[in-house]
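Chains, contacts and geometry: an overview
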Amino acid sequence: MTPKEAWTGGLPGGVKAPDALILPDPVTKFGRTSARLDSLSVGHPMEEWLRFMARLAKAQHAAARAIAPFTGPDQAAVSQAVEARLPPLAADSHRRPRWRDALAMLLR
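Residues numbered from 1 in each chain as written. Predicted model: local features only at pLDDT ≥ 70, side-chain atom pairs only at ≥ 80, totals over all residues. Heavy atoms only, no water.

It is worth spelling out the overall build of the protein at this point. Along the backbone of the protein there are 4 helices and 0 strands. Taken from the N to the C terminus, the helices and strands of the protein come in the order α-α-α-α. With an accessible surface of roughly 8500 Å², the protein has 61% of that area assigned to carbon and sulfur atoms. (Helix = DSSP H or I, 4+ residues; strand = E, 2+ residues; numbered from the N terminus. Areas by Shrake-Rupley, 256 points an atom, 1.4 Å probe, with all protein chains shown as cover.)

Right under this line is the structure:
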C-alpha cells in the first residue's frame, strides 16, 4: 500500500514515496511452481532435488491455502507511522503469528 502523504527525508533522486508492490497470489504461485518442478524433474539429472523442491512448493501451497491472507496495516496506521517517520511494518514490533503458523505447517 502506498501512503497518500509525501514521505520526508533526504532521499536521493527526489523520491517521495515507494512504488506500489503487486505480489502474486501465494496459493496460485506455489501450486503452479509445484506442478512445474514435478514436470521438469522427469529424466532430469537433478531429478531428486527437483522433486524435493516440488514437495516443498506443494507444502507451501497447502499452507497458503490454510492461513488467512495478510491484509497489511490500515491507512490510519500507515499515516501515523509516516508522520512519526517510522516504518509501517517495523521488524522489531510487527508480530507475524500467521507466518509462524505457516512455517509450522511446512515443517510438519
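This part takes up the pattern of salt bridges. Taken as a whole, this structure holds 2 salt bridges when the rule is applied. Arg51 is paired through a salt bridge with Asp38; the nearest N and O atoms lie 3.8 Å apart. Residue Arg51 is found in helix H2 (residues 47–66), and its partner Asp38 is found in helix H1 (residues 26–41); the two are separated by 13 residues along the sequence. Given the relative accessible area of 33%, Asp38 is considered partly exposed. In this structure, the salt-bridge partner of Arg51 is Glu47, at a minimum N-O distance of 3.2 Å. Here Arg51 pairs with Glu47, and both are found in helix H2, just 4 residues apart, close to one helical turn. (Salt bridge = Lys/Arg side-chain N within 4 Å of Asp/Glu carboxyl O. Buried < 20%, exposed > 50% of the residue type's maximum accessible area, 1.4 Å probe, protein only.)

What follows covers the packing of H2 against helix H4 (residues 97–107). Here H2 crosses H4 at 140°, and the two axes come no closer than 9 Å. As the angle between them shows, H2 and H4 are arranged oblique. Relative to H4, H2 is oriented so that their crossing is right-handed. Taken together, the residues of H4 that come into contact with H2 (itself represented by Leu56, Ala59, Gln60, Ala63 and Ala66) are Ala102, Met105 and Leu106. Tallied by class, residues from the contact of H2 with H4 come to 7 nonpolar, 1 polar and no charged. (Axes fitted to C-alpha atoms, helices over the stretch in contact; angles between N-to-C directions. Parallel < 35°, antiparallel > 145°, perpendicular 65-115°, else oblique. Left-handed = near helix turned anticlockwise from the far one by under 90°. Contact = heavy atoms within 4.5 Å. Nonpolar A, V, L, I, M, F, W, Y, C, P; charged D, E, K, R; others polar.)

This part is about the environment of Ala104. Among the structural elements, Ala104 can be located in helix H4. Judged by relative accessible area, Ala104 falls into the partly exposed class, the value being 31%.

Now for H1. With 16 residues, H1 ought to run about 22 Å at 1.5 Å a step, and its terminal C-alpha atoms sit 22 Å apart, in line with that. Within the sequence span of H1, burial applies to Thr33, Ser34, Leu37 and Ser41. End-on, the buried residues of H1 take up no more than an arc of 100°, which puts them together on one face. Set apart from the buried face of H1 by more than 90 degrees, the exposed residues are Arg32 and Ser39. Packed against the buried residues of H1 are H2. (Expected span 1.5 Å × (residues − 1). Arc of directions from axis to C-beta.)

In this fold, Ser34 is placed in helix H1. Residue classification places Ser34 among the buried residues on the basis of a relative accessible area of 8%. A distance of 3.1 Å separates the side chain of Ser34 from the backbone oxygen of Ala54, its partner in a polar contact. (Polar contact = N/O pair within 3.5 Å; in protein donor to acceptor, adjacent residues only side chain to side chain.)

Below, the discussion takes up unusual backbone geometry. Of note in this structure, Arg85 is not a glycine but carries a positive phi near 60°. Mapped onto the fold, Arg85 is located in the loop between helix H3 (75–83) and H4.

Geometric values such as these leave the question of function open.
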